[in-house]
Amino acid sequence: ILFNQLTPDLVLEAIEAQGHRCTGRLQPLNSMENRVYQVELDLDENIELKSKYERDRIIKFYRPGRWTKEQILEEHQFLQDLNEAEIPVVPPQVLQDGSTLAQIPNTKLWYCIFPRVGGRVPDEFSKDQLKFLGRLLARLHICGEGRQATQRIKIDQTSYGEAHLKYLIDQ
C-alpha cells in the first residue's frame, strides 16, 4: 500500500486495530505533508461525555521516507515532555502496545492517534496575549533544552535555505 492509496477503510481499520470502535464517519483534515483524519468513535450511549470532542479521535499517517520511526518517537516524547511541564499541547495517545506509534502491517505507513481537542486562534493578539505567548514560547524552549534531540533533522540556513536554493538554481 502506497501513501496515496490510503483509503477510508484503511484509516478505520488502523484506528480499530488500537481497540477503538468507529461509527464509520471520518473527515480528512488539512495537513501539508501527512494524512490526517478526524474519526468518530462508537461509544456506549450511557456514557456521559465531558465535551463534544470526546467522541472523536485524530489519526495521523506520516508520509513514508520523510521521518524515521526514531524521529517520530522523539517528537512524541517532546510533546509528552511539554505536556508534563503543563505547556498546552496535545500529546499522542499511548497505544495498546505501550508505544505512541503504530504501523499498518506490511506497509511503510506509520500512524498515531490523538484525542480531539478544541481550540481557536484570535483574529489579532492584544499586548497581554503577546506577552503571554512570549512567555509560553520561552517555556517551550526551556523544556526542549531538557532532553537532547539526537534524531531530529537540523533545520538551519544551510539545510533548509542554501541547499534548496542551490537545487533550484541547478535545475
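Heads up: the structure comes first, above all this text.
Just so it is clear, the structure is predicted and the values come from calculations on it, not from any experiment. Each chain has its residues counted from 1, running along the sequence as written. Two thresholds apply to this predicted model, a pLDDT of at least 70 for residue-level local features and 80 or more for giving and counting side-chain atom pairs, whereas whole-chain, interface and lining totals are computed over all residues. Note: side-chain values were computed over all heavy atoms of the structure, leaving out hydrogens and water.

### Things to note about the pairing of strand β3 (residues 56-62)
The two faces of a sheet get side chains in turn, since along a regular strand they alternate between them.
And then number 1: Note on classification: 1.4 Å probe, protein chains only; a residue is buried when its accessible area is under 20% of the maximum for its type, exposed when over 50%, partly exposed between these limits. Secondary structure elements are taken from DSSP: a helix is a run of H or I of four residues or more, a strand is a run of E of two residues or more, and numbering for both begins at the N terminus. The buried fraction of β3 amounts to six of the seven residues, a majority that puts the element mostly inside the structure.
And then number 2: Strand pairing requires that DSSP identify at least two bridges connecting the strands. Examined bridge by bridge, strand β2 (residues 35-41) and β3 share six bridges and lie antiparallel to one another. The partner of E40 across the bridge, within β3, is D56.
And then number 3: Examined bridge by bridge, β3 and strand β5 (residues 110-115) share six bridges and lie antiparallel to one another. Looking at the pairing, K60 lines up with C112 of β5.

### Thoughts on a nonpolar patch on the surface
And then number 1: Like-charged residues are merged into a patch within 9 Å and nonpolar side chains (Val, Leu, Ile, Met, Phe, Trp, Tyr) within 5 Å, provided each residue has over 30% relative accessible area and no salt bridge. Accessible surface is estimated by sampling points in the Shrake-Rupley manner with a 1.4 Å probe; for residues, cover comes only from the protein chains shown. The term salt bridge refers to a side-chain nitrogen of Lys or Arg lying within 4 Å of a carboxyl oxygen of Asp or Glu. Together, V121, F125, L130 and L133 make up a nonpolar patch on the protein surface, roughly 380 Å² of accessible area in all.
And then number 2: Position of V121 among the secondary structure elements: in the loop between β5 and α3 (127-144).
And then number 3: Here V121 falls in the exposed class, since its relative accessible area comes to 69%.

### Structural notes on the nonpolar core
Where a protein is soluble and globular, its nonpolar side chains tend to be buried together.
And then number 1: Definition used in this section: a nonpolar core is a set of buried Ala, Val, Leu, Ile, Met, Phe, Trp, Tyr and Cys residues joined via side-chain atoms within 4.5 Å. In terms of nonpolar packing, the biggest core is built from 19 residues, with L6, V39, I59, F61 and Y111 touching the most fellow members.
And then number 2: Those elements that place two or more of their residues in this core are α1 (8-16), β2, β3 and β5.
And then number 3: The greatest single-element share of this core, amounting to five residues, is contributed by α1.
And then number 4: Discounting residues that sit within four places of it in the chain, Y111 has contacts with A14, A17, Q18, I59, K60, F61, Y62, T100, L101, A102, Q103 and I104.
And then number 5: Counting residues in hydrophobic clusters, the runner-up holds nine residues, among them V36, I58, W110 and C112. The contact criterion used throughout is that any non-hydrogen atoms of two residues lie within 4.5 Å.

### Focus on the sheet that holds strand β1 (residues 22-29)
And then number 1: Read from one edge of the open sheet, five strands run β1-β2-β3-β5-β4, paired in antiparallel fashion. Both outer strands of the open sheet, β1 and β4 (102-103), are each paired with one neighbouring strand and no more.
And then number 2: Sheet topology note: the β4/β5 ladder contains two bridges and is antiparallel. If you follow Q103 over to β5, its bridge partner there is W110.

### Structural notes on the pattern of salt bridges
And then number 1: Tallied over the full model, the rule gives six salt bridges.
And then number 2: Residues R21 and D42 are paired through a salt bridge, measuring 3.6 Å at the closest nitrogen-oxygen approach. With R21 in the loop between α1 and β1 and D42 in the loop between β2 and β3, this residue pair connects regions lying 21 residues apart in the sequence.
And then number 3: The class for R21 is exposed, based on a relative accessible area of 52%.
And then number 4: Residue class for D42 comes out partly exposed when judged on its relative accessible area of 34%.
And then number 5: Here D170 and K166 are joined by a salt bridge, their closest N and O atoms 2.6 Å apart. Residue D170 and its partner K166 are both found in helix α4 (residues 157-170); the two are separated by four residues, about one turn of the helix.
And then number 6: Using a relative accessible area of 49% as the deciding quantity, one classes D170 as partly exposed.

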